[in-house]
Amino acid sequence: MSEATDHEAAAAEATLEVTSPGAMSTVQDLGRPAWRRIGVPRAGALDPALLRIANVLAGNAQTAPAIEFFVAGPTLKAVDQPVCVGLAGDFPATLTRAIGERTQIGSWRSVTLLPGDTLRAGQVSSSRVGYVAVAGLAVPRVLGSASTYARASLGGHGGRALAAGDKLTAAAAAQRHGERPAQRMLRRPPAQTLTPASAPIRVVPGPQADHFTEATLAEFFGAAYRVSADADRMGVRLQGTPLTHRADKGAEIVSDATVPGSIQVPGNGLPIVLLADGQTAGGYPKIGTVASCDLARLATAPVGAELRFEAVTVAQAEALARDAEDALQALLATIKPLLLDGDIDLNAIYSTNLVSGMIDARCPERIDPWTST
C-alpha cells in the first residue's frame, strides 16, 4: 500500500471519546434473534424504531449499532476527525465547539462534531430512552450482533455499558474544503405518525391464560397499571390490582419458553413484562404476550406511567405490525437535509426556474416557450 493510500485510510477513521457516559449507555442494534434456543436473549434496542431513525439521520443503515441511553445521555467528544451523529428521542442536547461556543440544539436531527467539539445528550422527557447514532460506528459483533448483553458480557463495547474515557471508532464525516458536512433533520414529529403513548397496549392472550378465570382476565384488560421503579432492560414490574390465579392451576408452571413481551404473573399477582434482555425460559404463568407493535411503548414508558391493555388476536397483531412498519417508513421518508445559516439549498435551486421571460427568436411574439403552447 502506498504512503498516500495509507494516509487516506487513516483519514477515513475518526475517534470519538466518551467524556461522560450518562445513564446506562450501551451499544445496541436490532439484536441477535437466532440464539434463544441455547439460552441467549435477543438483546437489542428497547425501541427499534428510534434506533432506526437515529441511524438514518446519521447516514447509517437502519440496522447499524447505535448508543442507547436511559433518562440522561452521554457526552461525546470528537478527537481527531469530523464525526456525524444522529439524535432520536425527546431530549435536548448541548453542542460545545472547540473554541468554547456553546449552542442548545434539539433532537430528531444530525449534527457534525469537528475535532475538539463535544455533544452532551440531555434528559429524555417523554420516555425512558434516547439514541445517539454515530456514522460508521465500528463495534465488534458477537453471534451476529453488536448489541450489548451485559449479564453475559456479550457484544457492544466489551460487553458492558460505556464508561468515561472509552474511545469509539467511527467513520470520518465527508467534508469538502471550506464546507460543513451535510446534516439531516426529521421533518415530521413522530407523535403524528407513530402510535400515541396514551393508546392501549395490545396483547395476545396466553399461552397460559387458562391459569386465570374469565373474571381475572376481564380485570386485567379493564384495569390500569403503572410502571414501577423496578424496570430495566430485562423487564418491567407493573403496579396495580393483583391478579388471582385459579386454585386448580396454581401460580407456577413447568418452565417453558418466553419471548420479549411475555407477561408473567408470579405468586403476588403483579405482572412482569419481559423485555429485550429477558430470560429465555420461565416458570410463571403468562397471561398474555404484548404485540410487537406496542412493545417499545411499554418498554420505554417512564416510571409512574399509566398503562391499559387491550386483547387482540394473533392475526390482528400481525396486521398491526405491518401497519406500524408502514408508518415508520413514511416517517423515515420525511428525513431531509438540514439547512443552517449560510447553507445553500441546492435542491431548491435545481427545481426552480431561475430564468423567465425568454423569447423564441423564431417566433418573437411567443414568450417563455418552455411553458407556452
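For clarity, every value in this text was computed on a predicted model and none was experimentally measured.

1. Let's talk about the overall build of the chain
Here comes step 1: Each helix and strand counted, the chain has six helices and 24 strands in total.
Here comes step 2: For the chain, the proportion of contacts with a sequence separation of at least 24, taken over those separated by at least 6, is 74%.
Here comes step 3: On the chain, roughly 17,900 Å² of surface is accessible, and the fraction owed to carbon and sulfur atoms is 55%.

2. Quick look at the side chain of threonine 216
Here comes step 1: Summarising the element assignment, threonine 216 is placed in helix H3 (residues 214–220).
Here comes step 2: Classification of threonine 216 as buried rests on a relative accessible area of 7%.
Here comes step 3: A distance of 3.0 Å separates polar atoms of two side chains, one belonging to threonine 216 and the other to threonine 213.
Here comes step 4: If sequence neighbours within four positions are ignored, threonine 216 has contacts with Leu243 and Thr244.

3. Description of the confidence of the model for the chain
Here comes step 1: Of all residues in the chain, 85% have pLDDT values of 70 or greater, and the mean over the chain is 88.
Here comes step 2: In this model residues 1–11 is a low-confidence stretch, pLDDT under 50, and it forms three contacts with partners more than four residues away in sequence or in other chains.
Here comes step 3: Considering only residues more than four positions removed or in separate chains, one finds that residues 341–352, a stretch of pLDDT under 50, has nine contacts.

4. Observations concerning the pairing of strand S1 (residues 13–20)
Here comes step 1: Where S1 meets strand S11 (residues 167–171), five bridges bridge the pair, whose relative direction is antiparallel. What sits directly across from alanine 14, in S11, is alanine 170.
Here comes step 2: Of the strand pairs in this sheet, S1 and strand S4 (residues 75–78) are connected by four bridges, and their pairing is antiparallel. In the strand pairing of S4, leucine 16 is matched with alanine 78.

5. Focus on the sheet that holds strand S21 (residues 306–311)
Here comes step 1: If you trace the seven strands once around the closed barrel, you get S13-S20-S17-S18-S15-S14-S21, paired in mixed fashion. The sheet shows a mean angle of 40° between the axes of neighbouring strands, direction not considered.
Here comes step 2: The strands touched by helix H4 (residues 292–299) within the sheet are strand S13 (201–205), strand S15 (235–239), strand S18 (272–274), strand S20 (286–290) and S21, with S13 carrying the most contacts at an inclination of about 125°.

6. Section: helix H5 (residues 314–332)
Here comes step 1: For H5, which comprises 19 residues, the first-to-last C-alpha distance of 27 Å matches the rise-based estimate of 27 Å (1.5 Å per residue) to within 8%.
Here comes step 2: Within the sequence span of H5, burial applies to Ala317, Ala327, Leu328, Leu331 and Leu332. Taken down its axis, H5 places every buried residue within 135° of arc, on the same side. Summarising the geometry of H5, the exposed residues directed more than 90 degrees from the buried face are Ala315, Arg322 and Asp326.

7. A word on the packing of aromatic side chains
Here comes step 1: Within this structure, the stated rule accounts for five aromatic pairs.
Here comes step 2: Ring geometry for phenylalanine 220 against tyrosine 225: centres 5.9 Å apart, planes inclined by 50°, an arrangement best described as tilted. We note that phenylalanine 220, like tyrosine 225, is buried.
Here comes step 3: In this structure an aromatic cluster arises from ring pairing among Phe220, Phe221, Tyr225 and Phe309.

8. A few points about the side chain of aspartate 29
Here comes step 1: Within the element layout of this structure, aspartate 29 appears in the loop between strand S2 (26–28) and helix H2 (48–58).
Here comes step 2: Nearest to the buried, unbridged aspartate 29 among oppositely charged side chains is arginine 141, at 4.7 Å.
Here comes step 3: Looking at aspartate 29, its side chain comes within polar contact range of the side chain of serine 147, at 2.5 Å.
Here comes step 4: Leaving out residues up to four positions away in the same chain, aspartate 29 has contacts with Gly44, Ala45, Leu51, Thr63, Ala64, Pro65, Ser145, Ala146 and Ser147.

9. Here's the deal with the pattern of salt bridges
Here comes step 1: The final tally for this structure, using the stated rule, is 14 salt bridges.
Here comes step 2: Here aspartate 232 and arginine 151 are joined by a salt bridge, their closest N and O atoms 3.5 Å apart. Taken together, the residues aspartate 232 in the loop between strand S14 (224–231) and S15 and arginine 151 in the loop between strand S10 (129–134) and S11 connect sequence positions 81 residues apart.
Here comes step 3: A salt bridge links aspartate 230 to arginine 237; the shortest N-O distance between them is 2.8 Å.
Here comes step 4: What makes aspartate 230 partly exposed here is its relative accessible area of 46%.
Here comes step 5: Arginine 237 sits in the partly exposed class, given a relative accessible area of 37%.
Here comes step 6: Salt bridges sharing common partners tie together Glu68, Arg233 and Asp277.

Cut-offs and rules
Residues numbered from 1 in each chain as written. Predicted model: local features only at pLDDT ≥ 70, side-chain atom pairs only at ≥ 80, totals over all residues. Heavy atoms only, no water. Helix = DSSP H or I, 4+ residues; strand = E, 2+ residues; numbered from the N terminus. Contact = heavy atoms within 4.5 Å. Areas by Shrake-Rupley, 256 points an atom, 1.4 Å probe, with all protein chains shown as cover. Buried < 20%, exposed > 50% of the residue type's maximum accessible area, 1.4 Å probe, protein only. Polar contact = N/O pair within 3.5 Å; in protein donor to acceptor, adjacent residues only side chain to side chain. pLDDT = per-residue confidence, 0-100. Pairing = 2+ DSSP bridges. Axes fitted to C-alpha atoms, helices over the stretch in contact; angles between N-to-C directions. Expected span 1.5 Å × (residues − 1). Arc of directions from axis to C-beta. Phe/Tyr/Trp six-rings, centres within 6.5 Å; stacked < 30°, edge-to-face > 60°. Lys, Arg positive; Asp, Glu negative; His and termini not counted. Salt bridge = Lys/Arg side-chain N within 4 Å of Asp/Glu carboxyl O.

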